[in-house]
Amino acid sequence: MSKVPYDSVVGSLMYLMVCTRPDIAHAVGLVSRYMANPGSMHWEAVKWILRYLQGTSDVGLLFDAHCDGARSVIGYVDSDYGGDLDQRKSTSGYTFTFAGGCVSWRSTKQKCTSQSSTEAEYVAAAEATKEAIWLNNLVKDLGILQPFVDLHCDSNSALHIAANRMTHGRVKHIDIRYHFIRQAVADKQIELIKIDGKLNPADMLTKVIPFDSFSRHYAKLQILHM
């Protein structure tokens, strides 16, 4: 493996993912965790990503000024509970659209070890809330006024915890920084909305999913063949 250009290839993939290809965010995030000591199976995974990119070289982000909600930032957030088999940490994923196209996305391993799927979803939603507020301030600077950002989440429990400011024994151990989302909801900076898990495009940023679901999600984010 010392003769394999693993670091440089993954670095190039990360640059591509950050700029224009949210559909490879989860895959690139996984292979980047092993840059310090990659194995042959990790290199095979990288080559699979390269084959996918070769077959989708005509794919790009499409923006439509006349679509529904073209002048609104819309967010989607999801998590994969305990998906990291090495450290048993969860994966957060969020994406935001504007003018119908994807403008911000992230797939990352959570820093804390969540003790339930609800906690994993809540932590992911808290991180997405910070991005939602930043994007809303950005579009305000561009002259587009939006009272709050719709943030779609498929966890009823996480939505309930964010809306209920009372402390419960099952959530009192959660780091105080993640409760920032409660203040954002109270101040009406964001509005958390329930979405069916099958319709949540952030799902493809957190785990491996069937190709049909994957195709449906990236079509919703306007990642289309040009």
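Residues numbered from 1 in each chain as written. Predicted model: local features only at pLDDT ≥ 70, side-chain atom pairs only at ≥ 80, totals over all residues. Heavy atoms only, no water.

**Q** Help me understand unusual backbone geometry in this model?
**A** Most peptide bonds take the trans configuration, and most residues that are not glycine carry a negative phi. Phi is positive for arginine 88, close to 60°, though the residue is something other than glycine. Structurally, arginine 88 can be placed in the loop between strand E2 (74–80) and strand E3 (91–98). Assessed through its relative accessible area of 46%, arginine 88 is described here as partly exposed. In this structure, alanine 99 is a non-glycine residue whose phi angle is positive, near 55°. (Helix = DSSP H or I, 4+ residues; strand = E, 2+ residues; numbered from the N terminus. Buried < 20%, exposed > 50% of the residue type's maximum accessible area, 1.4 Å probe, protein only.)

**Q** Explain the packing of helix H1 (residues 6–19) against helix H3 (residues 40–55) here, please?
**A** Describing two packed helices takes the angle between their axes plus the distance from one axis to the other. Close contact between H1 and H3 brings their axes to 11 Å; oriented N to C, the two are set at 40°. Taken together, H1 and H3 sit at an angle that is classed as oblique. Note that H1 runs across H3; the crossing there is left-handed. Contacts between H1 and H3 involve Tyr6, Val9, Val10, Leu13 and Leu16 on the former and, on the latter, His42, Trp43, Val46, Ile49, Leu50 and Leu53. Counted by class, the contact of H1 with H3 contains 10 nonpolar, 1 polar and no charged residues. (Axes fitted to C-alpha atoms, helices over the stretch in contact; angles between N-to-C directions. Parallel < 35°, antiparallel > 145°, perpendicular 65-115°, else oblique. Left-handed = near helix turned anticlockwise from the far one by under 90°. Contact = heavy atoms within 4.5 Å. Nonpolar A, V, L, I, M, F, W, Y, C, P; charged D, E, K, R; others polar.)

**Q** Looking at this structure, I do not really get the state of the cysteines. What am I missing?
**A** Note on terminology: a disulfide is the covalent bond linking the sulfur atoms of two cysteines. Considering all chains together, one arrives at 0 disulfides under this definition. No disulfide involves cysteine 153; its sulfur sits 15 Å from that of cysteine 112, the nearest cysteine. Among the residues examined, cysteine 153 registers a relative accessible area of 1% and is labelled buried. (Disulfide = S-S within 2.5 Å.)

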